[in-house]
Amino acid sequence: MGRAGHAGSHFQLYSRLAAGAALAALTFSLAACQTEPAGGPLTLEVEESSAVKALQTINSAGLKCWIRSGDRRFRDLRMVPELDTRVGRPRLLIVRSNKQQGLPLLVIEASGSPATISTYGPLASTRTGARINTDIMRWSSGGSSC
């Protein structure tokens, strides 16, 4: 292959690399545009030494920012605190307003010292679950905003 053919193959290689870099940049920029992380179960160790106190913080903020806020995502949901530690791990249950005795959509549970907070249930893998996890992480690190 002559010198011109060799230069042409380098040009094709560089063109492909540039296209790949552009695609990667586009992918990263689109990911950065997302307003919320993906949902899923959360396991978070927090500074609080008491599991009940950790959940009381989440309960207070959750009532204000989720349940009483008028946010459409939480409109048909209620939070049921089960903080009596004589019966097991303290937890907060997110349930449908019209089915408060049914299975919870999300469980926020705490245990240990320092406290470890866990979330699980069908709501965890939704955008609302991602919002809940983000809020729990913020509130558990001392933030109080909605």
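This write-up is about the structure you can find in this document. Note that this is a predicted model, so its numbers are computed, not measured. (Residues numbered from 1 in each chain as written. Predicted model: local features only at pLDDT ≥ 70, side-chain atom pairs only at ≥ 80, totals over all residues. Heavy atoms only, no water.)

## A word on the pattern of salt bridges
Once their charged atoms are close, side chains differing in charge can pair, the charge on each being opposite to the other.
Here's step 1: One pass over the full model with this rule turns up 6 salt bridges.
Here's step 2: Residues Asp71 and Arg131 are paired through a salt bridge, measuring 2.7 Å at the closest nitrogen-oxygen approach. With a gap of 60 residues between them, Asp71 in the loop between helix H2 (51-67) and strand E2 (77-82) and Arg131 in helix H3 (residues 127-140) connect regions that are remote in the sequence.
Here's step 3: Judged by relative accessible area, which is 19%, Asp71 ranks as buried.
Here's step 4: Among the residues examined, Arg131 registers a relative accessible area of 13% and is labelled buried.
Here's step 5: Across the pair Glu109 and Arg89 runs a salt bridge, and its minimum N-O distance is 3.3 Å. Here Glu109, found in strand E4 (residues 106-111), pairs with Arg89, found in the loop between E2 and strand E3 (91-96); they are 20 residues apart in sequence, far enough to count as distant.
Here's step 6: By relative accessible area, which is 13% here, Glu109 ends up buried.
Here's step 7: Among the charged side chains, a salt-bridge network with shared partners connects Asp71, Arg131, Asp135 and Arg138. (Salt bridge = Lys/Arg side-chain N within 4 Å of Asp/Glu carboxyl O. Helix = DSSP H or I, 4+ residues; strand = E, 2+ residues; numbered from the N terminus. Buried < 20%, exposed > 50% of the residue type's maximum accessible area, 1.4 Å probe, protein only.)

## Things to note about the sheet that holds E2
In a beta sheet, neighbouring strands pair by backbone hydrogen bonds and run either parallel or antiparallel.
Here's step 1: Pairing in this open sheet of 5 strands is antiparallel, and the strands run E1-E5-E4-E3-E2 from one edge to the other. The sheet terminates laterally at strand E1 (42-45) and E2, the two strands that pair on one side only. Neighbouring strand axes in the sheet, compared pairwise and without regard to direction, differ in orientation by 15° on average.
Here's step 2: Two elements, E1 and strand E5 (residues 116-120), share 4 bridges in a ladder whose sense is antiparallel. Its bridge partner lying in E5, Thr43 is registered against Ser118.
Here's step 3: Set on the sheet, H2 makes contact with E2, E3, E4 and E5; between it and E2 the angle comes to about 160°.
Here's step 4: The sheet contacts of H3 involve E1, E4 and E5, and relative to E1 the element is tilted by about 5°. (Pairing = 2+ DSSP bridges. Axes fitted to C-alpha atoms, helices over the stretch in contact; angles between N-to-C directions. Contact = heavy atoms within 4.5 Å.)

## With respect to the environment of Leu92
Here's step 1: By secondary structure assignment, the location of Leu92 is in strand E3.
Here's step 2: Taking relative accessible area as the criterion, Leu92 reaches 0% and is therefore assigned buried.
Here's step 3: Setting aside anything within four residues of it in sequence, one finds Leu92 in contact with Leu55, Ile58, Asn59, Met79, Val80, Pro81, Leu83, Leu106, Val107 and Ile108.

## Thoughts on H3
Here's step 1: Taking 1.5 Å per residue, 14 residues should reach 20 Å; H3 reaches 20 Å between its end C-alpha atoms and fits that length.
Here's step 2: Of all the residues in H3, the buried ones are Thr128, Gly129, Ala130, Arg131, Ile132, Asn133, Asp135, Ile136 and Trp139.
Here's step 3: Turning to H3, the residues buried within the fold contact E1, H2, E4 and E5.
Here's step 4: Its side-chain oxygen at 3.3 Å from the backbone nitrogen of Thr128, Thr126 defines the N-terminal cap of H3.
Here's step 5: Directly beyond the C-terminal end of H3, a positive phi value near 105° is found at Gly142. (Expected span 1.5 Å × (residues − 1). Polar contact = N/O pair within 3.5 Å; in protein donor to acceptor, adjacent residues only side chain to side chain.)

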